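Listed below, chain by chain, are the residues.
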Amino acid sequence: MDRFWLQCSKEVAHIFIVFEGVDGSGKSTQLNLLDKYLIQKGIKTLATREPGGTPVGEKIRELLLDPSYTEIMDRTEALLYAAARAQLVAQVIRPRLEQGTVVLCDRYIDSTLAYQGYGRGMDLPFLSKINELASGGLAPNLTVLLDLSPEEGLARSRKEKIADRLESQSLTFYHKVRRGYLELAQRKPELYLVLDARQNTEQLHQVICARIGGIIGV
Ligand code: TYD
């Protein structure tokens with residue numbers, strides 16, 4: 001019975017993979033392709049996203065992404081992302097990792113460091129502290145960073161009307177976010193796979209599969 005189970009669905013110890021990048025970098029596409037690849041290999045996976053991934057988190061997501069709440073303060077915003085993350089880690093990510101499921105997450109703590117920290121200029125130690133509390137110190141085994149210029153990302157993924165709304169200040173913000181991501185990756189290069197997101201989808205997928213295959217052993 002055990003052998004049958006192993007053949008059908010291989011369990012691996014605590015593998016947590018995060019995808020990061022500026023809006024439009026193609027991380028969700030790559031996460032979904034990796035998910036399918038791992039499932040085909042017989043690996044148990046769970047794909048989730050931030051903010052969201054739980055009923056409470058999805059409610060917080062609605063609040064955070066609702067453009068009518070222009071009054072949300074930077075600290076409130078950072079704490080709301082952290083609150084959604086705390087719920088996701090406790091309700092979904094940790095229990096699944098403990099069951100041997102490979103967890104793939106679209107955005108995690110680096111999004112807060114890049115967007116609220118580098119983008120909005122909030123204090124990085126403060127952000128690290130609230131996220132340490134929110135996550136209980138859970139860190140990914142690998143972060144796949146899809147690096148792309150904001151101009152390309154926004155032109156690629158956003159509908160015309162949103163791209164048209166961009167003024168130079170918004171682009172400046174996204175440039176800071178991109179720089180933030182690259183700086184985070186440079187600090188701990190062994191924990192990141194930084195890829196030029198201008199490569200085609202299949203090329204990127206192959207590189208990601210090779211690296212993650214090496215970690216999981218498939
Ligand atoms: P979403 O529609 O999920 O964007 P994407 O498909 O690019 O992931 O919206 C999430 C937005 O929230 C995105 O602009 C990044 C931002 N964000 C933060 O600013 N801080 C965070 O901690 C997280 C998780 C997301």
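Visitor: Would you mind going over the sheet that holds strand β3 (residues 102-106) in detail, with residue names and values included?
Guide: Taken in spatial order, the 5 strands line up as β2-β3-β1-β4-β5 in an open sheet, and their pairing is parallel. In the strand order of this sheet, the two ends are held by β2 (45-49) and β5 (192-196), each with one partner. Sheet twist, expressed as the mean angle between neighbouring strand axes with direction ignored, is 20°. Pairing between strand β1 (residues 16-21) and strand β4 (residues 142-147): 5 bridges, direction parallel.

Visitor: Give me the lowdown on the nonpolar core, citing residues and values where you can.
Guide: The nonpolar side chains of a soluble globular protein tend to be buried with one another. Among the nonpolar cores identified, the biggest contains 55 residues, and F16, V144 and I212 are the most heavily contacted of them. Counting residues per element, this core draws most heavily on helix α4 (residues 74-98), at 7 residues. Ignoring any residue separated from it by four or fewer positions in sequence, one finds F16 in contact with I93, L97, V103, C105, Y108, L138, A139, P140, N141 and L142. One finds I60, L64, Y81 and A84 within the second-largest nonpolar core, a separate group that totals 5 residues.

Visitor: Pulling in residues and values, what's your account of the side chain of D23?
Guide: Structurally, D23 is set in the loop between β1 and α2 (27-40). Reaching out from D23, the side chain makes a polar contact with the side chain of Y115 at a distance of 2.5 Å.

Visitor: Tell me what's going on with helix α10 (residues 201-216), and back it up with residues and numbers.
Guide: Under the 1.5 Å per step criterion, the end-to-end length of α10 is 22 Å for 16 residues, consistent within 8% with the ideal 22 Å. Among all positions in α10, only L204, H205, I208, C209, I212, G213 and I216 are buried. Within α10, the buried residues cover an arc of 160° as seen down the axis, which keeps them to one side. For α10, the exposed residues lying more than 90 degrees away from the buried face are A210 and G214. In this structure, the buried residues of α10 make contact with β1, α2, β3, β4 and β5. Taking the backbone nitrogen of E202 as reference, a side-chain oxygen 3.0 Å away marks N200 as the first, capping residue of α10. Positive phi appears at G217, one or two residues downstream of α10, with a value of about 90°.

Visitor: Tell me about the environment of R49, residues and numbers included.
Guide: Looking at where R49 falls in the secondary structure, it is placed in strand β2. Owing to a relative accessible area of 35%, R49 belongs among the partly exposed residues under this scheme. Taking the C-alpha atoms as reference, R49 lies 8.9 Å from L88; in sequence the two are 39 residues apart. At a separation of 2.8 Å, a polar atom in the side chain of R49 contacts the side chain of E58.

Visitor: I'd love a proper account of the site of the ligand, names of residues and values included.
Guide: Near the ligand the following residues occur: D23, K27, E50, R61, L65, Y81, R85, R107, S111, T112, Y115 and Q116. Here an oxygen atom of the ligand and a side-chain polar atom of K27 are 2.8 Å apart. Within the contact set of the ligand, an oxygen atom lies 2.7 Å away from a side-chain nitrogen or oxygen of R107. Coverage of the ligand by the protein chains reaches 83% of its 540 Å² of free accessible surface. By residue number, the principal contributor to the shell around the ligand is helix α5 (residues 109-119), which donates 4 residues. Class assignment for the residues of the shell around the ligand results in 3 nonpolar, 3 polar and 6 charged.

The rules behind each value
Residues numbered from 1 in each chain as written. Predicted model: local features only at pLDDT ≥ 70, side-chain atom pairs only at ≥ 80, totals over all residues. Heavy atoms only, no water. Pairing = 2+ DSSP bridges. Helix = DSSP H or I, 4+ residues; strand = E, 2+ residues; numbered from the N terminus. Axes fitted to C-alpha atoms, helices over the stretch in contact; angles between N-to-C directions. Core = buried A, V, L, I, M, F, W, Y, C linked by side-chain atoms within 4.5 Å. Buried < 20%, exposed > 50% of the residue type's maximum accessible area, 1.4 Å probe, protein only. Contact = heavy atoms within 4.5 Å. Polar contact = N/O pair within 3.5 Å; in protein donor to acceptor, adjacent residues only side chain to side chain. Expected span 1.5 Å × (residues − 1). Arc of directions from axis to C-beta. Near = heavy atom within 4 Å. Areas by Shrake-Rupley, 256 points an atom, 1.4 Å probe, with all protein chains shown as cover. Nonpolar A, V, L, I, M, F, W, Y, C, P; charged D, E, K, R; others polar.

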